[in-house]
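Residues per chain are reported as follows:
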Amino acid sequence: MPFAILKEDRPMSPRLKGNNWFADFTAGGTRYREFGFRTKAEAEAWELEARAAIKRGKALPTGPSAARPATGVAGISTIRGLFDHVVKIRWSNMKSGASTLSARLFVDWVGPETDIAEALSATSIHEYVEHLQDERQLSGSTINRRLAAVSRLAKAAVSLGRIAKTPELPWQKEGESRIRWFTPEEEEQILLTLRLWGCHAERDLFIFLADTGARKGEAFKLGWSDISNGGRTATFWETKAGNHRSVPLTARAREALARRKAEAPAASGPFADINRHGLRSLWSRLRTHLPFLNDAVIHTFRHTCASRLVQNGVDLMRVRMWMGHKTVQTTLRYSHLAPKHLDDALRALEGGSADG
């Protein structure tokens, strides 16, 4: 049965160019084109499938361009290829190189050879913003300038048919940067959902991240030889700050590691057998299932650890050591979560004991 066509969309009109047919249609205000069909019927069939995929938010069906050599527009599949195309076609005559630089920084962060759809996924972009906030300490206005360049890349990807629609971008309030962390109730819902779905390795990973403050990449690189002191301490050797750090493990984290050892004894580390691409897909699924995750990413578990340390009275210098923050300014972002410190200061001003 033919798929429904939106009223504002143009009717199917495959056209002959040289010895081949090509599909050329507009859906939702975006133009889609695919070349190299041998017959008109093949072009029409591809267009029907493409329209259905767009309506469902899925990737476009494979067309003849996938079989051609990776040259020109048809061969663009990585985020670096998309960046090069946009620079050449749209930014080559711009007086300012700000957009080019911002886009290049995103490409370098996400990985130049990353598939376009994965690089421009909502999860990837949210993680990028978390990186800009947590590691780079950028202001909301600067982050928005970076996102503007990402938006241009996404629009180009849509026009080339590499993604169905532009992702929703987490624009920041100018001059304001909010730390997102999980409440105990939110974390409980996440872990319960993963248990019901049978995602035991991922559940243990999230427990470990929340209780150690480790970055996702640090957890993936953790080897069994990095667990010492009778399984009570984890050492992260490759960190963002460039210095290794060791943290004691909670009982819950130790139990998570024990489960990983029992279920994947041949793996080089507790979480080495988790597929990173599959983890991104799982998080996207969780965001759909649990609406409160719309502004959260996996990195939020790291924020959660730091927030809980501060909320439970751990002084900021020890929080900095635990988290491995390169500068104290990063740690100070959590200081507002310790209102008891202000109460102590108030008592001191009023002549009472700061310890009482």
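Quick caveat, the model's predicted, so the values are computed rather than measured.

Rules and cut-offs
- Residues numbered from 1 in each chain as written.
- Predicted model: local features only at pLDDT ≥ 70, side-chain atom pairs only at ≥ 80, totals over all residues.
- Heavy atoms only, no water.
- Helix = DSSP H or I, 4+ residues; strand = E, 2+ residues; numbered from the N terminus.
- Buried < 20%, exposed > 50% of the residue type's maximum accessible area, 1.4 Å probe, protein only.
- Contact = heavy atoms within 4.5 Å.
- Areas by Shrake-Rupley, 256 points an atom, 1.4 Å probe, with all protein chains shown as cover.
- Pairing = 2+ DSSP bridges.
- Phe/Tyr/Trp six-rings, centres within 6.5 Å; stacked < 30°, edge-to-face > 60°.
- pLDDT = per-residue confidence, 0-100.
- Arc of directions from axis to C-beta.
- Core = buried A, V, L, I, M, F, W, Y, C linked by side-chain atoms within 4.5 Å.
- Expected span 1.5 Å × (residues − 1).
- Polar contact = N/O pair within 3.5 Å; in protein donor to acceptor, adjacent residues only side chain to side chain.

Quick notes on the overall build of the protein
Of regular secondary structure, the protein possesses 15 helices and six strands. Taking all 356 residues of the protein together, the buried fraction comes to 47%. Of all intrachain contacts in the protein linking residues separated by at least 6 positions in sequence, the fraction that spans at least 24 positions is 61%. Carbon together with sulfur atoms contributes 53% to the accessible area of the protein, which is approximately 18,700 Å² in total.

Some thoughts on the pairing of strand β5 (residues 233-236)
Alternating positions in β5 separate into two faces, T233 and T235 on one and A234 and F236 on the other, with burial throughout. Pairing geometry for strand β4 (residues 227-228) and β5, over two bridges, is antiparallel. Paired with I227 across the two strands is A234, which belongs to β5. The hairpin turn running from β4 into β5, its antiparallel successor, is four residues long, and N229 in that turn takes a positive phi close to 55°. One ladder, built from four bridges, connects β5 with strand β6 (residues 245-248); its direction is antiparallel. Its bridge partner lying in β6, A234 is registered against V247.

Concerning the sheet that holds β5
By way of backbone hydrogen bonds, the strands of a sheet pair with one another, either parallel or antiparallel. The strand order across the open sheet built from three strands is β4-β5-β6, with neighbouring strands paired in antiparallel fashion. Unpaired on one side and paired on the other, β4 and β6 mark the two borders of the sheet.

A look at the packing of aromatic side chains
In total, this model carries eight aromatic pairs according to the counting rule given. Ring geometry for F208 versus F271: centroids 5.3 Å apart, planes at 50°, classification tilted. Residue F208 is located in helix α8 (residues 200-212), and its partner F271 is located in the loop between α10 (251-263) and α11 (276-289); the two are separated by 63 residues in the primary sequence. Classification of F208 as buried rests on a relative accessible area of 0%. The class of F271 is buried, set by a relative accessible area of 0%. Members of the aromatic cluster, connected to one another through ring pairs, are F182, F206, W283 and F301.

Some points on the confidence of the model for the protein
Averaged over all residues, the pLDDT of the protein is 82; the fraction at 70 or higher stands at 81%. Counting interchain partners and residues more than four positions distant, the pLDDT-below-50 stretch residues 1-10 has 15 contacts.

A word on the environment of R203
Counting through the fold element by element, R203 comes out in helix α8. What R203 contacts, discounting residues up to four positions off in sequence, is L191, L194, R195 and R259.

Topic: helix α2 (residues 79-89)
Regarding α2, the residues found buried are I79, L82, F83, H85 and V86. What you see down the axis of α2 is that its buried residues fit within an arc of 165°, all on one side.

Considerations on the nonpolar core
Counting residues in each nonpolar core, the largest one holds 39 residues, and the members touching the most others are I79, L82, F106, L120 and L153. For this core, the secondary structure elements donating two or more residues are β2 (20-27), β3 (30-37), α1 (40-55), α2, α3 (98-110), α4 (116-119), α5 (122-134) and α6 (140-159). It is α6 that provides the largest number of residues to this core, a total of nine residues. The contacts of L120, once residues within four sequence positions are left out, are I79, L82, F106, I125, V150, L153, A154, A157, I163 and P167. Core analysis: the next-biggest nonpolar cluster, separate from the first, contains 37 residues, A210, V247, A253 and F301 among them.

Things to note about helix α12 (residues 300-311)
Under the 1.5 Å per step criterion, the end-to-end length of α12 is 16 Å for twelve residues, consistent within 8% with the ideal 16 Å. Those residues of α12 that fall on the buried side of the exposure criterion are T300, F301, R302, H303, T304, C305, A306, S307, L309 and V310. Close packing links the buried residues of α12 with α5, α7 (184-197), α8, β6, α11 and α13 (316-323).

Observations regarding the side chain of D204
Residue position: D204 is located in helix α8. Residue classification places D204 among the buried residues on the basis of a relative accessible area of 1%. For D204, the side chain forms a polar contact with the side chain of R260, separated by 2.9 Å.

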